[in-house]
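# Chains, contacts and geometry: an overview
So you can see what is in the structure, the chains are spelled out below.
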Amino acid sequence: MLIVLGFTCLIFGANWLVSGASSLAKKNNVPDLVIGLTIVAFGTSAPELIVNCVASFNGFSDIVFGNIIGSNNFNLFIILGIAGLIYPITVQSSTAWKEIPISLFVVLLLFVLVNDFLINQNPEISRIDGVILLVGFLCFIYYVFTQLKQEQSDVIAYEEKSNYKIWALIIIGIAGLIVGGKLVVDNSINIAIELGVSQKIIGLTIVAAGTSLPELVTSIVAATKKNSDIAIGNVIGSNIFNILLILSISSFVNPIAYNPNFNQDLLILIGGTAFLFIAMFTGKRKKLDRWEALILLSFYLIYTTYLVSKEI
């Protein structure tokens, strides 16, 4: 119940923070493009960010990696699988040829960094690795910014709010994120101890699924409205954000020791992203067909059941 309360605080906190910050930015004539790229993007990644910062501060490295790798796999296999079953996802050329390969490159970069192929040390995400990831994130933001400037961006609608209401939303939103993050991490650890399972499994399942709820809702709503760009853009963007931004910030809080047992899950993430790229050229071109979405969904449900059954 406390974990559910924690996730509720995280989601509402992120929404209130985005609402207040967006209104504040709009009042100060900040362009919609900048608001979308920064405040709104941060909002959907806030649950993962706060949970990871709390876990990193307390030295729960398996929760940190379990959350990021688990969230990315959940996004890719479960969210795209469900969205693709609801309505086949048509993908723009730039997504098929650029964003999906960028996402694949980012996962491969993480695989190299955590296994320290370049430096002979204990496997971890050090602060130097964090700087590399953060530079990658800034390059990605620059790429998105130049892409959006070439396209006609939609005007984001905002409700006029008083300064009092704006600051109330921002303060309550931040408080909700902090309280929610602490509730989720502390009680996830308690569940792991009670059930006698590893923090890795709790991170990959309960924590990962909970922090991915904003992306799940967004993509399902987009799929029912047949808005393919949002359905897939939300997932690919979130996966890139999670690795480049959230892991880098988590490593600045504390260097994060890496458990090599996560390599299997990372390889599945690499394979899933590669499958998504290949799916763009099988069946109907530049489209995730229903049968491909079913493969994604079925594989991950079977794999997660196997992981949990091994532990219990």
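Being a predicted model, the structure only gives us computed values, none of them experimental.

Cut-offs used in this document
Residues numbered from 1 in each chain as written. Predicted model: local features only at pLDDT ≥ 70, side-chain atom pairs only at ≥ 80, totals over all residues. Heavy atoms only, no water. Helix = DSSP H or I, 4+ residues; strand = E, 2+ residues; numbered from the N terminus. Buried < 20%, exposed > 50% of the residue type's maximum accessible area, 1.4 Å probe, protein only. Contact = heavy atoms within 4.5 Å. Axes fitted to C-alpha atoms, helices over the stretch in contact; angles between N-to-C directions. Parallel < 35°, antiparallel > 145°, perpendicular 65-115°, else oblique. Left-handed = near helix turned anticlockwise from the far one by under 90°. Nonpolar A, V, L, I, M, F, W, Y, C, P; charged D, E, K, R; others polar. Expected span 1.5 Å × (residues − 1). Bend = angle between axes of the 7 residues up to and from the residue.

This part takes up the environment of Ile68. Considering the arrangement of structural elements, one finds Ile68 in helix α3 (residues 61-86). Taking the relative accessible area as the measure of exposure, Ile68 reaches 1% and is therefore buried. Along the sequence, Ile68 and Ala208 sit 140 residues apart, while their C-alpha atoms lie 7.0 Å from each other. Leaving out residues up to four positions away in the same chain, Ile68 has contacts with Asn52, Asn242, Ile243, Ile246 and Leu247.

All right, on to the packing of α3 against helix α11 (residues 290-311) then. Between α3 and α11, the least distance of the axes is 8 Å, while the angle of their chain directions is 140 degrees. Overall, the two elements α3 and α11 adopt an arrangement that is oblique. Crossing geometry of α3 relative to α11 is assigned as left-handed. Listed contacts from α11 to Gly70, Asn73, Phe74, Leu76, Phe77, Ile78, Leu80, Gly81, Ile82, Gly84, Leu85 and Ile86 of α3 are Arg290, Ala293, Leu294, Leu296, Leu297, Phe299, Tyr300 and Leu301.

A few words now on the environment of Ser126. By the element assignment, Ser126 lies in the loop between β2 (124-125) and α5 (127-150). Ser126 sits in the buried class, given a relative accessible area of 16%. In the structure, Ser126 is positioned 122 residues away from Ser248 in sequence and 8.9 Å away in space, judged by C-alpha atoms.

A few words now on the packing of helix α1 (residues 2-27) against helix α6 (residues 163-195). Put simply, α1 and α6 touch, their axes get as near as 6 Å, and they point 155 degrees apart. It follows from the interaxial angle that α1 and α6 lie roughly antiparallel. Crossing angle aside, the handedness with which α1 passes α6 is left-handed. Of the residues that constitute the contact of α1 with α6, the class distribution is 22 nonpolar, 12 polar and one charged.

Below, the discussion takes up α3. Each full turn of the α-helix corresponds to 3.6 residues, which orients residues three or four apart in the same direction. For α3, spanning 26 residues, the distance from its first C-alpha to its last is 36 Å, which sits close to the expected 38 Å at 1.5 Å a residue. Residue Asn75 marks the point of greatest curvature in α3, where the axis turns by about 30 degrees. Burial runs high along α3: 23 of the 26 residues are buried.

Bear in mind that shape data such as this cannot, by itself, settle questions of function.
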